[in-house]
Amino acid sequence: MFVEIVFVGLPIDRDEVEEALEAAFELDGEVTGAGSGMGRCHLDLEIVEGSDTTAALERLRAVLSDLGVADCATLNVSE
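Residues numbered from 1 in each chain as written. Predicted model: local features only at pLDDT ≥ 70, side-chain atom pairs only at ≥ 80, totals over all residues. Heavy atoms only, no water.

(A) Spatial organisation of the overall build of the protein. Secondary structure summary: the protein contains 2 helices and 4 strands in total. For the protein, the N- to C-terminal ordering of α and β elements is β-α-β-β-α-β. The C-alpha atoms of the protein give 12 Å as radius of gyration, which agrees with the globular expectation for 79 residues (12 Å, within 12%). Based on the C-alpha atoms only, the size of the protein along its principal axes is roughly 35 × 20 × 20 Å. Looking at the protein residue by residue over its 79 residues, the buried ones come to 35%. Look at the contacts in the protein between residues 6 or more apart in sequence, and 67% of them connect residues 24 or more apart. Put simply, the protein shows about 4,700 Å² of open surface, and 46% of that area lies on carbon and sulfur atoms. Across the protein, the centroid of the 4 positively charged side chains sits 7 Å from that of the 18 negatively charged ones. (Helix = DSSP H or I, 4+ residues; strand = E, 2+ residues; numbered from the N terminus. Rg over C-alpha atoms; globule rule 2.2 N^0.38 Å. Buried < 20%, exposed > 50% of the residue type's maximum accessible area, 1.4 Å probe, protein only. Contact = heavy atoms within 4.5 Å. Areas by Shrake-Rupley, 256 points an atom, 1.4 Å probe, with all protein chains shown as cover. Lys, Arg positive; Asp, Glu negative; His and termini not counted. Charge placed at Lys NZ, Arg CZ, Asp CG, Glu CD.)

Printed below as a string of structure tokens:
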């Protein structure tokens, strides 16, 4: 599963989000890309095939919530 996480008005440094995601998905995923421009930034998260996608998305939302950035994030999910 591939998740593009798009942020608008991110109140913290994107690197902080990336580090938290790398720690949370150490065994079953990885951040594979990032970018910024035009007042937006994004992180690309690749979840290992065969992982529980529902649990992975719940974990992703929990990480974003814990960081206080869930409200400025949009998740674009593709299988």
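Moving on, there is more to tell.
(B) Representation of the nonpolar core in the model. One finds Ile5, Phe7, Val17, Leu21, Leu45, Leu60 and Leu64 to be the most contacted residues of the largest nonpolar core, which totals 21 residues. Those elements that place two or more of their residues in this core are β1 (2–8), α1 (14–24), β3 (40–47) and α2 (53–67). Counting residues per element, this core draws most heavily on α2, which supplies 5 residues. (Core = buried A, V, L, I, M, F, W, Y, C linked by side-chain atoms within 4.5 Å.)

(C) Seen up close, the pattern of salt bridges. Within this structure, the stated rule accounts for 1 salt bridge. For the salt bridge of Asp28 with Arg59, the shortest nitrogen-to-oxygen distance reads 2.9 Å. Note that Asp28 is positioned in the loop between α1 and β2 (29–37) and Arg59 in helix α2, a separation of 31 residues in sequence. (Salt bridge = Lys/Arg side-chain N within 4 Å of Asp/Glu carboxyl O.)

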